[in-house]
Amino acid sequence: MRYLLCNGSPKGNNGNTSMILDALAEGISSVSDQHIIRANLNRVQEHESLVLTLLDSEVIIIAFPLYTDAMPGITMAFIEALRPHIGQFDKHTFCFVVQSGFPERIHCEPVEKYLIRLAGILGAKYGGTLILGGGMMMNPKRFQIVNHIGARLSDTQVFDETCIKNATPLIRFPVVSRGLMTLATKLPVTQSYWDSQLKANGAYERRFDCPYEPKD
Amino acid sequence: MSRILILNAIPDDTRPELETQLDKLTSDPKQHFECKVIRLRDLDIRYCTGCWDCWVKTPGLCAHKDAMTEIYPEVIAADSVVFLSPISMGFVTALCKKVCDRLIPLVHPYFEIYKGEMHHKSRYEKRPALAVWLTDESPESVDLDNIHRLFERLSVNMKTDFSGVIYAKTTMEDIANALSAL
């Protein structure tokens, strides 16, 4: 089986999306005779040639971080590069991975609905969307979950529905916990990830700057 | 008088009549709103690289020094921002999405609970309402629903109102009425 794993993160090999694809690729490779090609969509000038590689693949995985509630602009540019080939994807399966820093699935569900529609526009088989929420970092447990999803994918050529649902089971915070979460976000420790970077860059005192506020 | 900023994300010159109507509208003193149109395809706007400099190095300022530097103050000063785009592969154009991505300097990295969900804090007190204007005359309902849902989410994240998706406005009167209703 020929796989094309597309990294739709503007950060290319330096981001979380790349690590997720590492885990998926390792899982897919656990079954013999799997041919995997990796590509970064941040090289927008290479999109047209990448589409030719895509046409030669059977299972395509497009992974991206959630940017303003959908795919990053570079990923949308790649999707637009597929337009001239609509009608040529009937033997292709498209799977998607959406990763977000927010812990709840709710942030990613609208783009998931769009991705189902996209597969339909392309005339391709939809292989599912793996949503990974709440992860600023890829930890060993998460690597194992994604690795297993990759191994299952090589059996069925679609994402295992139960596995992908379990990857981020939280849809929204339960009503009873929202008050507690509101209090938790007021604690300095909740913002410590950002504060440490602001301090390291000497920008902490300017963290609430509003440089584009109208002067009048 | 309300200020409307139209971010024209039509990627090519295939809709000259609509763009001519828009030009007339912006210079029409009889309208009950002040309207400014920015044609994005003519500008040097780079893709967001996800560097987070605007959050952790130069708070509120994007690392790219391109045409967005002029657009940010216009966004903040507007009462409504309208994304004008044709439907492209079931969504808005990559040009439109690129500009949406570049709006992240307008929010703060800190997390907070808003409407029962985790979101980023707002950086600015005043935030424009968002709307989408599709150039297509008869869009498919599935595309309308998806675009509505995605921009509604963006509005929640920006903590502002979503005025909805408008389409099939071809005459100047239609356009003016739709914009007046925002």
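Here the structure is a predicted model, which means the values were calculated and not measured.

(A) Fine view of the overall build of chain B. A count of helices and strands for chain B gives six helices and seven strands. Taken over the C-alpha trace, chain B has a radius of gyration of 16 Å; the compact-globule value for 182 residues is 16 Å, and the two agree within 12%. Expressed along its principal axes, the backbone C-alpha trace of chain B runs to roughly 45 × 35 × 35 Å. When each of the 182 residues of chain B is scored for burial, the buried share is 44%. Sequence separation of 24 or more characterises 73% of the internal contacts of chain B that already satisfy a separation of 6 or more.

(B) Local environment of the packing of helix α3 (residues 73–81) of chain A against helix α4 (residues 94–101) of chain B. At their nearest, the axes of α3 of chain A and α4 of chain B sit 8 Å apart, and the two run at 175° to each other. Put simply, α3 of chain A runs roughly antiparallel to α4 of chain B. Listed contacts from α4 of chain B to Gly73, Met76, Ala77 and Glu80 of chain A of α3 of chain A are Ala94, Lys97, Lys98 and Asp101 of chain B. When its residues are assigned to classes, the contact of α3 of chain A with α4 of chain B shows three nonpolar, one polar and four charged.

(C) Quick peek at the domain arrangement of chain A. Each assigned domain of chain A is listed with its residue range as follows: domain 1 (2–167) and domain 2 (175–206). Each of domain 1 of chain A and domain 2 of chain A has a C-alpha centre, and these two points are 31 Å apart.

(D) Main features of the nonpolar core. The biggest cluster of nonpolar side chains holds 104 residues, and the ones touching the most others in it are Ile61 of chain A together with Leu7 and Ala9 of chain B. Here Leu7 of chain B is in contact with Ile38, Leu40, Val81, Val82, Phe83, Leu84 and Val99 of chain B, once residues within four sequence places are set aside.

(E) Structural detail: the interface of chain A and chain B. Listed per partner, the contact involves 49 residues of chain A and 43 residues of chain B. Elements that contribute at least two residues to the side of chain A that touches chain B include exactly α3, α4 (109–122), α7 (175–185) and α8 (192–200) of chain A. Examining the composition of the side of chain A that touches chain B, we find that seven residues originate from one element, α4 of chain A, more than from any other. Class assignment of the residues belonging to the side of chain A that touches chain B gives a composition of 26 nonpolar, ten polar and 13 charged.

(F) Broad picture of the sheet that holds strand β3 (residues 80–85) of chain B. Residues and elements named next belong to chain B. Across the sheet, five strands lie side by side as β2-β1-β3-β6-β7; this open sheet has parallel pairing. Single-partner strands in this sheet number two, and they are β2 (33–39) and β7 (162–167). Each strand of the sheet is rotated relative to its neighbour by a mean of 20°, with strand direction disregarded.

(G) Molecular detail of the sheet that holds strand β3 (residues 59–65) of chain A. Residues and elements named next belong to chain A. Spatial strand order, β2-β1-β3-β4-β5: five strands in an open sheet with parallel pairing. Of all the strands in the sheet, just β2 (35–40) and β5 (125–132) have a single pairing partner and so form its edges. Adjacent strand axes in the sheet meet at a mean angle of 15° when their direction is disregarded. Bridging between strand β4 (residues 93–99) and β5 involves six bridges; their strand directions are parallel. Across the sheet, Gln99 pairs through a bridge with Leu132, a residue of β5. Sitting on the sheet, α4 touches β4 and β5, and the angle it makes with β5 is about 160°.

(H) Seen up close, helix α3 (residues 68–77) of chain B. Residues and elements named next belong to chain B. For α3, the complete set of buried residues consists of Met68, Ile71, Val75 and Ile76. For α3, the arc enclosing every buried residue in end-on projection is 135°, short of the 170-degree limit, so these residues lie on one face. On its buried side, α3 packs onto β1 (2–8), β2 and β3.

(I) Just the pairing of β3 of chain A, in detail. Residues and elements named next belong to chain A. With seven of seven residues buried, β3 lies mostly within the body of the structure. A two-sided burial pattern is seen for β3, the buried positions comprising Val59, Ile61, Ala63 and Pro65 on one face and Ile60, Ile62 and Phe64 on the other. Here strand β1 (residues 2–7) runs beside β3; their pairing, made up of five bridges, is parallel. Of the residues in β3, the one forming a bridge with Leu5 is Ile61. Note: β3 against β4, seven bridges, orientation parallel. Residue pairing for β4: Phe64 is matched across the bridge by Val98.

(J) Quick peek at the confidence of the model for chain B. Residues and elements named next belong to chain B. With 99% of its residues at a pLDDT of 70 or more, chain B shows a mean pLDDT of 93. For chain B, per-element mean pLDDT is lowest for helix α6 (residues 172–180), which scores 77, and highest for α4, which scores 98. Here the prediction assigns the complex a pTM of 0.95, and the interface score ipTM is 0.95.

(K) Looking closely at the environment of Leu7 of chain B. All names here are of chain B. On the secondary structure map, Leu7 appears in strand β1. Since 23 C-beta atoms lie within 10 Å of it, Leu7 is described here as buried. In this structure, the C-alpha to C-alpha distance between Leu7 and Asp161, residues 154 residues apart in sequence, is 17 Å.

Thresholds applied
- Residues numbered from 1 in each chain as written.
- Chains lettered and ligands numbered in written order.
- Predicted model: local features only at pLDDT ≥ 70, side-chain atom pairs only at ≥ 80, totals over all residues.
- Helix = DSSP H or I, 4+ residues; strand = E, 2+ residues; numbered from the N terminus.
- Rg over C-alpha atoms; globule rule 2.2 N^0.38 Å.
- Buried ≥ 20, exposed ≤ 12 C-beta atoms within 10 Å, placed from the backbone.
- Contact = placed C-beta atoms within 7 Å.
- Axes fitted to C-alpha atoms, helices over the stretch in contact; angles between N-to-C directions.
- Parallel < 35°, antiparallel > 145°, perpendicular 65-115°, else oblique.
- Nonpolar A, V, L, I, M, F, W, Y, C, P; charged D, E, K, R; others polar.
- Domains from an automatic or database assignment.
- Core = buried A, V, L, I, M, F, W, Y, C linked by C-beta atoms within 7 Å.
- Pairing = 2+ DSSP bridges.
- Arc of directions from axis to C-beta.
- pLDDT = per-residue confidence, 0-100.

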